[in-house]
Every structure is written in C-alpha cells, then in structure tokens.
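Breakdown of the fold
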Amino acid sequence: MQVAHNLIMISNRLPATVEPSAEGMQLKPSSGGLVTALRPVLASQKGAWIGSFDANSGMAEALLELSAGSARADDTCDMIGIPLTSAEQHGFYAGFSNEIVWPLFHDLQSRCNFDPTYWKAYTSVNHKFATTIAHTAQSGSRIWVHDYHLMLTGKFLREMGLHHRMGFFLHIPFPPLDIFEKLPWRSQILRALFQFNVIGFQTPRDQRNFVGCVRRLLPEMELQRVEDEVYSSDGEHASLIRVFPIGIDYNEFARAAEQPPVLQRAELVRRDMHGQQIVLGVDRLDYTKGIPERLKAFRHLLTTHPEVHRKISLVQIVVPSREQIPKYRELKLEIETLISQINGTFSDSGWTPVHYIHRSLSRTELLALYRTADIALITPLKDGMNLVAKEFCAAQVECRGMLVLSEFAGAAAQMRGGAILVNPYDIEGVAEAVLRAFETGPKERRKRMLRLRRNVRKADVFHWCQDFCNCLDGVGAA
Ligand code: GDG
C-alpha cells in the first residue's frame, strides 16, 4: 500500500549515502543544514524525499531498495531514489546542469558549452523525475522542488495532470537579462518555472533579475509587485515570486563549536600557527568561488606590505568537486601553481604564507578552523548565498574574527552591517580589506561579530523552511 506524503521534497541527489555494514549496504542520512531543517518538518508531516543516485555505483543492494521506495534512511521520511545511468549523468548533470546553467547563472557565460545534446538529456531526466513525483504524490501532497537541475519538472507534472501546490527554490543566483538571454532554451525554462505556485530566490537581486527576464522574454505574463512580493499570472496559472534567504542551523553550529574535541583541535591549530593571524578560505573546488583571484590578492598584500610577513598566514581549504569536468581539473592546477609560487617567493624559516588542504575536512576540523580563524576571506565571484560565511559567524563563539566577504555573495545582502565587503575582482581592494581586518582591534571585532551572529541566528534554516512552507500553503493550487 502506498503511504500518503504531505510534503515531498525533490533535489538532484538524495540526502543520504550508502555504506557497507554487517547486514549489507545501509543508508546513512546526510547531515547538511537543509536536511537538518527539514527533518522536523518532514517528520511532522509524513514527508518523502526524492532524489537521484548513480545506477552504476557498487552499492546495488541499498539502491535497489531505494528504487523500490522501501528503504528508510532514518525514521523521518521516506527516501525514493531515481537511478541515473552514466549517459544520463553525463548529459543532464555534468552537461546541461554544470556546463551550461551553473556557469551562465553565475555570470560566466564564456565557460558555457551550449551542446544541444545536453538539453535533450536535461529534458528527459526532468521527465523521469516528474514521473516519480507524480507516482509518489497523493491528493493534498505539497511538492517542493530544489535547484537548477530540475527547472522543467513543474511543466511535466502539470502535463501529467497534477494540480498540487508546487514550489521551486533556486539555490544559485539568477542572472540579469543580457546574460540569461544567451541561453538557447531561455523561454522554455522561464515558462516551465511558471508552472510552480511559488518561485523562491535567495536575494532581491535574483528576484529582480528574474522579473526583468520575464518582462522581456514572456511579455504575455502579467506581473504585479506588492512590496517585496511579485504576483504573476498568464490567465491560467498564478505564481508568487519571492525572496527566501537560506540560513544555517545556528544553534547547532554554536553549540558544536564549544565541544571538547573542537576546543582541543583549535588549541593545536593555534599552537602550530605561532601567534600569526589566520586568514581562512573554505571552498568547494569551483571557478565561481574566486580562489585564484583571492590568492593573487594575498600575494599582493605580501608584496606591498612586508610588515605583515610572519604575522599572517592563509589557510585555504579546497574540497574536491566535479573532478570529471576538465575545467575543474585546470582550475586545481592554476590554484596549486599560484600557491607554490607564493610560498616559493615568501616562505621563511618557521613561516609558510599559504597552507593548502585539498580534501574534505571532518566537521571537528572545520569547526576548529572557524573558531580559530582571525579573518574569514570569502570572495566568490558570484554565489547564491554562501553558507560558509554564516557557519563561520555561528562558530565564532569568542567574537574575535573578522569577515571579509564578496559583495557578489548572496550572503552580502544580509551581512553588510558586520562584514567588510569587497569586489573579488579587485585584487588591490581585497588586499587592502585583509590589511584593514588584520589591523582591526578587539573591540571593533567584537562589535561587528555580535551583529553578524545576531543576523545569522535570526534568519536560520528553520525560519527559511517554515517561511517557504507557509507561502506554499497560502497560495491556491493550480
Ligand atoms: C549551493 C549554492 C548556497 C565545505 N567544506 C567542507 C564542508 N563544507 C560545507 C560547508 C557548507 C557547504 O559545504 C558549502 O555550502 P555553500 O553555501 O558555500 O556552497 P554550495 O555547495 O555551492 O551550495 C550556495 C547553497 O547552495 C545553499 O542554498 O549557499 O550559494 O552554490 O555547509 O560547511 N563540510 C565539511 N568538510 C569540509 O571540508 N564537513
């Protein structure tokens, strides 16, 4: 018998991994902020989570149970898996999602590969998702689709006859018209999005860009702004276009940063850095994160301000990501060349200017670095939100750290009061900002960090989730 699900979440990947155990392959729920926030909501509402998995992975046993919809990663929600073949992953995920939408939506159109075969794969995998969603949805289920991989699902669901309340949230930025209009499939994507009752963005800038694109490319769409909300109608469907800035589980980060293993680890880090100020960068390996530009800014600081030598070090964490895509491999080489050049030029006995870690850190290691860092240097060229900026503030329980943040990160809209904002392309400007942060005294640091922490605490991930669900409940179904 099929279980009735009141809230169905859909993301490209399932929020779970599979691990071998004595009883065979077991599902292990992921621990990200999104899952944490949704856990109580899904648990109280009999939720389900739909996402894809690699059909060729060696974890067949658990994945088979997943695809049958019978495996439970925990007692919170049902996990329903969609197996994707290598060809589907190539065209849909690596291709359309990450060689077209990802660079284009981050304003980096020269990095796009508009291969028409990718569009076919994207369409067909979105249809596959819609089929599973339609099969799972019962009368009264609300459907919440996440992110740029799945922008066509709403259209397919309506074509399949679903009249449910459906929401879409874009985790990445939405580009301005002169960039978006380069997309050969621009109108199909915009029209498909209007099949959702709620279309959510991270910042007012993304909402503004989206509305600008709609006015130009879908002139038949009626749009009406009421304060921060935009209502649309094409005579058949009505949608609400609104901003929902995503947050983190603040209390959990602040609490975890006080735990003894984190304190011990933080002590070790401090000892190893011999009293230098630690500048911290934490990023997935991605060209949108502005890592080479940041390294050039740090090099400029060391070149123009020799007085900071031996008093400051950059700890740059680069988490491996999308390594099957050639541009990501080239980026890794560029980063490593720059680091070795900086260290080759400036290192001195007992002082290495850049500490480079190319792996995923444990949560304890990450929290210890957040807690110990004197300056977080977060300079994406463009970013939907950037959760690292918020996590850093939550873990700064001693309020000693300064945040230097790109004005092109979504987080800048909420954090401008306490952070030093920079243009990540301005190498001299970023170097000056790091110097300013370096020279800031403890009183000013505390004042700024308290303000930042207040903001992050207030707009946490639970607030985000509840706000979106309330909006979805408030709009009329199609
Ligand atoms: C997309 C949008 C938007 C990083 N290194 C380690 C590690 N992390 C964790 C961080 C953080 C997450 O990864 C990265 O989150 P971001 O927000 O920075 O970036 P994306 O993955 O690109 O996410 C983004 C987000 O969606 C949410 O809407 O903010 O703009 O691009 O949580 O803690 N975690 C561990 N070890 C690491 O080394 N354990």
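These numbers come from a predicted model, not from an experiment. (Residues numbered from 1 in each chain as written. Predicted model: local features only at pLDDT ≥ 70, side-chain atom pairs only at ≥ 80, totals over all residues. Heavy atoms only, no water.)

**Observations concerning helix H18 (residues 461-474)**
Here H18 is 14 residues long and its end C-alpha atoms lie 20 Å apart, about the 20 Å a rise of 1.5 Å per residue gives. Restricting attention to buried positions, one finds in H18 the residues Val461, Trp464, Cys465, Phe468, Cys469, Cys471 and Leu472. Looking straight down H18, one finds its buried side chains confined to an arc of 160°; they lie on one side. Put simply, Asp460 is the residue that caps the front of H18, since its side-chain oxygen is 3.2 Å from the backbone nitrogen of Phe462. (Helix = DSSP H or I, 4+ residues; strand = E, 2+ residues; numbered from the N terminus. Expected span 1.5 Å × (residues − 1). Buried < 20%, exposed > 50% of the residue type's maximum accessible area, 1.4 Å probe, protein only. Arc of directions from axis to C-beta. Polar contact = N/O pair within 3.5 Å; in protein donor to acceptor, adjacent residues only side chain to side chain.)

**Overview of the packing of aromatic side chains**
Across all of its chains, the model carries 22 aromatic pairs by this definition. Each ring, one from Phe96 and one from Trp119, has its centre 5.4 Å from the other, and the planes form 50°; the classification is tilted. Here Phe96, found in helix H3 (residues 86-105), pairs with Trp119, found in helix H4 (residues 116-136); they are 23 residues apart in sequence, far enough to count as distant. Both residues of the pair, Phe96 and Trp119, belong to the buried class. (Phe/Tyr/Trp six-rings, centres within 6.5 Å; stacked < 30°, edge-to-face > 60°.)

**Focus: the sheet that holds strand S14 (residues 354-357)**
Taken in spatial order, the six strands make up an open sheet running S14-S13-S12-S15-S16-S17, and their pairing is parallel. Looking along the sheet, the strands with just one partner apiece sit at the ends: S14 and strand S17 (420-422). Within this sheet the neighbouring strands show an average axis-to-axis angle of 20°, counted without direction. Note: strand S16 (residues 402-406) against S17, three bridges, orientation parallel. (Pairing = 2+ DSSP bridges. Axes fitted to C-alpha atoms, helices over the stretch in contact; angles between N-to-C directions.)

**Quick word on a negative patch on the surface**
Taken together, Glu307, Asp426, Glu428, Glu432 and Glu439 make up a surface patch of like negative charges. With respect to the helices and strands, Glu432 occurs in helix H16 (residues 427-439). For Glu432, a relative accessible area of 44% puts it in the partly exposed group. (Patch = residues over 30% accessible without salt bridge, like charges linked within 9 Å, V, L, I, M, F, W, Y side chains within 5 Å. Areas by Shrake-Rupley, 256 points an atom, 1.4 Å probe, with all protein chains shown as cover. Salt bridge = Lys/Arg side-chain N within 4 Å of Asp/Glu carboxyl O. Lys, Arg positive; Asp, Glu negative; His and termini not counted. Charge placed at Lys NZ, Arg CZ, Asp CG, Glu CD.)

**Overview of the nonpolar core**
The biggest cluster of nonpolar side chains holds 99 residues, and the ones touching the most others in it are Phe96 and Phe210. At nine residues, the largest contribution of residues to this core is made by H3. Excluding residues that lie within four positions of it along the chain, Phe210 makes contacts with Phe174, Leu190, Leu193, Phe194, Ile199, Phe201 and Ile241. Grouped together as the second largest cluster of nonpolar side chains are 69 residues, Val315, Ile378, Phe392 and Cys465 included. (Core = buried A, V, L, I, M, F, W, Y, C linked by side-chain atoms within 4.5 Å. Contact = heavy atoms within 4.5 Å.)

**Points about the sheet that holds strand S5 (residues 77-84)**
What the nine strands build is an open sheet, ordered S5-S4-S1-S6-S7-S8-S11-S10-S9; its pairing is mixed. Pairing within the sheet leaves two strands with one partner each, and these edge strands are S5 and strand S9 (222-226). Recorded for the sheet is a direction-independent mean angle of 20° between the axes of neighbouring strands. The sheet contact formed by strand S4 (residues 47-54) and S5 spans eight bridges and is parallel. The residue bridging Gly47 from the neighbouring strand is Cys77, located in S5. Along the sheet, helix H8 (residues 204-217) makes contact with strand S8 (198-201), S9, strand S10 (229-233) and strand S11 (238-243), crossing S11 at roughly 145°.

**What about the environment of Gln414?**
You can see Gln414 is positioned in helix H15 (residues 412-415). Gln414 gets classed as partly exposed once you look at its relative accessible area, which sits at 23%. C-alpha separation for the pair Gln414 and Leu285, spaced 129 residues apart in sequence, amounts to 25 Å. Discounting chain neighbours no more than four positions away, the residues touching Gln414 are Pro245, Met385, Lys390, Asn455 and Ala459.

**Side note on the site of the ligand**
Taken together, 19 residues surround the ligand, and among them His171, Leu361, Asp383, Leu387 and Glu391 come closest. Gln202 has a polar side-chain atom sitting 3.0 Å from an oxygen atom of the ligand. Interatomic distance of 2.7 Å between a backbone N/O atom of Leu361 and an oxygen atom of the ligand. Compared with its free state, where it exposes 730 Å², the ligand has 77% of that area covered by protein. Of all elements in the fold, only strand S12 (277-284), helix H13 (363-372) and helix H14 (387-395) reach the threshold of two or more residues within the shell around the ligand. Here the shell around the ligand gets three residues from one element, more than from any other, and that element is H14. Of the residues assigned to the shell around the ligand, the class counts are ten nonpolar, five polar and four charged. Counting only domains with at least three residues in the shell around the ligand, you end up with domain 1 (7-246 + 462-474) and domain 2 (250-458). (Near = heavy atom within 4 Å. Nonpolar A, V, L, I, M, F, W, Y, C, P; charged D, E, K, R; others polar. Domains from an automatic or database assignment.)

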